[in-house]
Amino acid sequence: MSWLKSVPHSGDDVFDEEADEMLVSQREWGSTMDKRVKDGYRDGVEAGREASLQLGFNQGYKEGVMQMLTVGQLKGVLSALQTWCQIHEQYREHLQKIQSLWDQSNVHMTSEVGILRTT
């Protein structure tokens, strides 16, 4: 039985089922941990993307509101002046100037919206 001499003898049973189960358990544990690490990485990347997008949206929204608020206030004042001039006949001569300012504010607003869309 020369083959028996080549197998190291440590006193352990060659058919030790507990050792086999431990090896399988260790492999399963390693596989499970690898999967969890990969899942955690994917979740972290996705959370980072969402946070970055939200931050960009918040900043863009703030800039848009600040720029459009001024134009909106100007248009409100012009609308009030236009109505006032229509009610008071002695000021009707100013309606054309007010309408011109209204048109210019629309052009400005349109250009601002275009700029906001490209940034």
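Keep in mind it's a predicted model, so treat the numbers as computed, not measured.

J.: For helix α3 (residues 95–118), give the residues involved together with the corresponding values.
T.: Quick reminder: α-helices carry 3.6 residues per turn. Residues three or four places apart thus point the same way. With 24 residues, α3 extends 35 Å from end C-alpha to end C-alpha; this agrees with the ideal 34 Å at 1.5 Å per step. Buried within α3 are the following residues: L95, I98, S105 and E112.

J.: Give me the packing of aromatic side chains: which residues, what numbers.
T.: With the rule as written, the count across this model stands at 2 aromatic pairs. Considering the side-chain rings of F57 and Y61, the 5.9 Å spacing of their centres and the 25° angle between planes classify their relative orientation as stacked. Taken as a pair, F57 and Y61 lie in helix α2 (residues 17–87) at a separation of 4 residues, close to a single helical turn. The same class applies to F57 as to Y61, namely exposed. Residues W84 and Y91 carry aromatic rings whose centres are separated by 4.7 Å and whose planes lie at 35° to one another, so their mutual orientation is tilted. Take W84: its relative accessible area is 40%, and that puts it in the partly exposed class. Lying over the aromatic face of W102, K75 brings its terminal NZ or CZ to 4.6 Å of the ring centre.

J.: Could you give me a rundown of the pattern of salt bridges, with the residues and numbers involved?
T.: Throughout the structure, instances matching the rule amount to 4 salt bridges. Salt-bridge contacts for K35 lead to D39; the nearest nitrogen and oxygen are separated by 3.1 Å. Within this pair, K35 and its partner D39 are both found in helix α2, separated by 4 residues, close to a single helical turn. Using a relative accessible area of 46% as the deciding quantity, one classes K35 as partly exposed. Using a relative accessible area of 23% as the deciding quantity, one classes D39 as partly exposed. Taken together, the salt bridges that share partners define one network made up of K35, R36, D39 and R42.

Scoring rules and cut-offs
Here, residues in each chain are numbered from 1, in the same order as that chain's written sequence. Note on the predicted model: pLDDT of at least 70 is required for a residue's local features to be given, and 80 or more for side-chain atom pairs to be given and counted; whole-chain, interface and lining totals, by contrast, use all residues. The basis for the side-chain values is all heavy atoms of the structure; hydrogens and waters are excluded. We count a stretch as a helix when DSSP gives it H or I for four or more residues in a row; a strand needs E for two or more, and each element gets its number in order from the N terminus. Expected helix span is given by 1.5 Å per residue-to-residue step, counting one fewer step than there are residues. Per-residue accessibility, obtained with a 1.4 Å probe over protein chains only, is compared with the maximum for each type, and a residue is labelled buried under 20%, exposed over 50%, and partly exposed between these values. Pairing of aromatic rings covers Phe, Tyr and the six-membered ring of Trp, with a centre-to-centre limit of 6.5 Å; geometry is then stacked below 30 degrees between planes, edge-to-face above 60, and tilted otherwise. Throughout this description, the term charge over a ring refers to an Arg CZ or Lys NZ atom that lies within 6 Å of the ring centre and within 35 degrees of the ring normal. For this document, the term salt bridge refers to a Lys or Arg side-chain nitrogen within 4 Å of an Asp or Glu carboxyl oxygen.

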